[in-house]
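# Chains, contacts and geometry: an overview
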Amino acid sequence: MAFGSSVRAAGAAAGVLLAAGLLFSTSRRQAASDQSNQLQKAASTLSYANPMRTQARDSTFAVKHYDLNLDIDPAKRRVSGRSTLEILVTSRELHTLSLNMADNLTANSVQLENKQLQLVHRDNRLNITLERPYHDGSRFQIVINYGITQGGDGLVFDEHDSVPMVYTYGLPFTAQQWFPCKDSPDDKADSADIAITVPTPLVAVSNGRLVRTRTNSEGTTTFYWQVRYPIYPDVISIAVTNYATFTLPYHYGQSQVMPMAFYVYPEDLEKARQQFVVLPEIMKYYVSTFGEYPFIKEKYGVAEFAKRSFREHQTLSSFAANLITTGHENDWILAHELAHQWFGNCISVKNWSRIWLNEGFANYSYALWKEDTEGKEAYLNLMRSWDKDEFDGPVFIKDPTNKNALFSETTFQKGAWVLHMLRHVIGDEAFFNALRSYVKTYAYKSAITEDFELVCEKEYGRPLNWFFKEWVYGVNRPFYQYAWQMKAGVNRSVVELTINQSRSDPAAFEMPIDVVINTEKGENKFVAWQKFTSQNFQFSVEGVPKQVELDPEGWILKKVRQAESLTVRASE
């Protein structure tokens, strides 16, 4: 199909969408392996703008608004950009403004109050000398004119079916590869405006709401997107191609509707209609579990793109072309990315060392949805499939520039296991109350692990420092060896249970362990709260014990072995 004829319908579709936008076992192991492979493929595409040369975050100012104006020429693979940043001074005096701006961008000029300022652009920093000092609480707007001729991994020129495709892929340290910014997840602007000019009839999509389009005399169209929720650079996104569009309604309140908007290649439209139909149901479950969708006055959308990956840009997740099928084998990705709108976008991390608060939460959200739709056993099977025999390093990432650690099975799968275990420790009522309270407390803000811990402690009513210390900041897992013997009575028996932990780091994991004792009278459930490397427990049951199991449902990330007999070791 010729390029011109293949995309003319997309412009009309964008107009329709503008109106809508104004509304407001082996199989388990194989599935886990497939998911892990997809995660690893996604991780392998990550690239950074020389993060070791990117200076620590500047706390002397905050960016309160981004106004991005991009003129994109796909044929020449060139972008002309003008970024207007509203700056709030947060230090006693500000003499120099230092922004993240990757070396693949060319800074042409910087203006403040219609005056040209001196600039130095090197080592992925744009250092601007102000003509006078600005004091704490002052605000000013700075205009940066720049160009991109080599997009890097932050902005990519590509194509599909011989049609141009341009997209961004927001990851740590990549926003600066396509616009000057303060490239940190805890520096949230209050709002953003993104204007994108592209050759007609291409369609340009971005975050927030499409508020208008303008047809220009030189054969281009400008799309104006408006964001009125806090947003940080990593999750600002653009995607450009000959998109076909459709919407599905998400109903909230008594009569209000927010569009769920989908932008896909015309050749994939029918497949996407079949595949994405599941998203309104996932949305309803997440809203019932976490609280209302945090960007309800804008949209939730998915944009197909050429990279073989996926990414949770705010209100507009990116989804690889190869993942769009007529089936639902990739529903876990759709669920994962939607969950990021709460965990990662609405609540961002204060620094990337705590990325498990994004990725572990998103993975676990999918597990909760699976439990809701398929039942408890499907949920437990999924969690078992995510149990890698050994996880590398702690969930907390000491070096946030280590891309392999940031996007690893430890972050995604062990991070989900941390929440799975926490749920069992504090109980369902406290756990789900904590999730909702966490979202409510830190909505549109940034958080660290200790913030979540405090919310959980408030709902649980007891300290949880021990749990987060061993599971978020620690490594390894408990290796339980247990043995039991019986003392028979007239009508009841006493089971004496000994549990030893192999010496490791830490010497002992403190955890409540489910103990299931089966007799001819039925099943008996108890909890053995182990704090030491070796402990003895006694349980009274009706009938004669036949079998004793530790944590048979799998609520602890562990190894376990039954022994013929054990002695209680002196606690260390």
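Read on for an overview of the structure. (Residues numbered from 1 in each chain as written. Predicted model: local features only at pLDDT ≥ 70, side-chain atom pairs only at ≥ 80, totals over all residues. Heavy atoms only, no water.)

## Comments concerning the side chain of Glu304
On the secondary structure map, Glu304 appears in strand E18 (residues 300-305). At 6.7 Å, Lys271 is the nearest oppositely charged side chain to Glu304, a buried residue that forms no salt bridge. Of the polar contacts made by the side chain of Glu304, one reaches the backbone nitrogen of Tyr265; its length is 2.8 Å. Setting aside residues up to four positions removed in sequence, Glu304 forms contacts with Met165, Tyr243, Tyr263, Val264, Tyr265, Asp268, Phe319, Ala321 and Ile324. (Helix = DSSP H or I, 4+ residues; strand = E, 2+ residues; numbered from the N terminus. Buried < 20%, exposed > 50% of the residue type's maximum accessible area, 1.4 Å probe, protein only. Lys, Arg positive; Asp, Glu negative; His and termini not counted. Salt bridge = Lys/Arg side-chain N within 4 Å of Asp/Glu carboxyl O. Polar contact = N/O pair within 3.5 Å; in protein donor to acceptor, adjacent residues only side chain to side chain. Contact = heavy atoms within 4.5 Å.)

## Remarks on helix H5 (residues 331-339)
Among the nine residues in H5, nine count as buried, and that is most of the element. Those residues of H5 not exposed but buried are Asp331, Trp332, Ile333, Leu334, Ala335, His336, Glu337, Leu338 and Ala339.

## Regarding the pairing of strand E1 (residues 61-73)
Relative to strand E2 (residues 78-89), E1 runs antiparallel, the two being bridged by 12 bridges. Pairing of Asp71 across the sheet is with Ser80, part of E2. In this structure, the hairpin formed by E1 and E2 is closed by a connection of four residues, where Arg77 is found at a positive phi of approximately 50°. The pairing of E1 with strand E11 (residues 191-199) spans seven bridges and is classified as parallel. Bridged to Leu70 within E11 is Ile196. (Pairing = 2+ DSSP bridges.)

## Here we look at the packing of aromatic side chains
The tally for this structure, following the rule as stated, stands at 46 aromatic pairs. With centroids separated by 4.9 Å and ring planes inclined at 85°, the aromatic side chains of Phe290 and Phe343 adopt a geometry described as edge-to-face. Linking Phe290 in helix H4 (residues 279-290) with Phe343 in the loop between H5 and strand E21 (348-349), this pair joins segments that are 53 residues apart in sequence. The pair formed by Phe290 and Phe343 is uniform in burial state, with each residue classed as buried. Measuring from centroid to centroid gives 5.0 Å for Phe343 and Phe361, while their planes differ by 50°, and the two rings are tilted. Linking Phe343 in the loop between H5 and E21 with Phe361 in helix H6 (residues 356-374), this pair joins segments that are 18 residues apart in sequence. Both residues of the pair, Phe343 and Phe361, count as buried. A cation over a ring is seen here: Lys182 above Phe61, with NZ or CZ 4.4 Å from the ring centre. Above the ring of Tyr224, the side-chain terminus of Arg212 is found at 3.8 Å from the ring centroid. (Phe/Tyr/Trp six-rings, centres within 6.5 Å; stacked < 30°, edge-to-face > 60°. Lys NZ or Arg CZ within 6 Å of the ring centre and 35° of its normal.)

## Here's the deal with H4
Think of an α-helix as turning once every 3.6 residues; residues three or four places apart then point the same way. Taking 1.5 Å of rise per residue, the 12 residues of H4 would be expected to cover 16 Å, and the 16 Å separating its terminal C-alpha atoms lies within 8% of that figure. Most of H4 sits out of view: nine of its 12 residues are buried. Of the positions making up H4, those classed as buried are Leu279, Pro280, Ile282, Met283, Tyr285, Tyr286, Val287, Thr289 and Phe290. Of the residues one or two after H4, Gly291 is the one with positive phi, at around 115°. (Expected span 1.5 Å × (residues − 1).)

## Quick notes on the packing of H4 against H5
Close contact between H4 and H5 brings their axes to 10 Å; oriented N to C, the two are set at 45°. Here H5 runs oblique to H4, going by the angle between their axes. The two elements H4 and H5 meet at a crossing, and its hand is right-handed. Along the contact surface, H4 presents Leu279, Ile282, Met283 and Tyr286, while H5 presents Leu334, Ala335, His336, Leu338 and Ala339. The residue makeup of the contact of H4 with H5, split by class, is eight nonpolar, one polar and no charged. (Axes fitted to C-alpha atoms, helices over the stretch in contact; angles between N-to-C directions. Parallel < 35°, antiparallel > 145°, perpendicular 65-115°, else oblique. Left-handed = near helix turned anticlockwise from the far one by under 90°. Nonpolar A, V, L, I, M, F, W, Y, C, P; charged D, E, K, R; others polar.)

## Here's the deal with unusual backbone geometry
Going from Thr200 to Pro201, the amide bond is cis rather than trans, its omega being 10°. For Pro201, the location among the structural elements is in the loop between E11 and strand E12 (203-206). Although it is not a glycine, Ser162 sits at a positive phi angle of roughly 65°. Among the structural elements, Ser162 can be located in the loop between strand E9 (155-160) and strand E10 (163-168). The phi angle at Tyr444 is positive, at roughly 65°, despite the residue not being glycine. Structurally, Tyr444 is set in the loop between helix H10 (428-442) and strand E22 (446-447).

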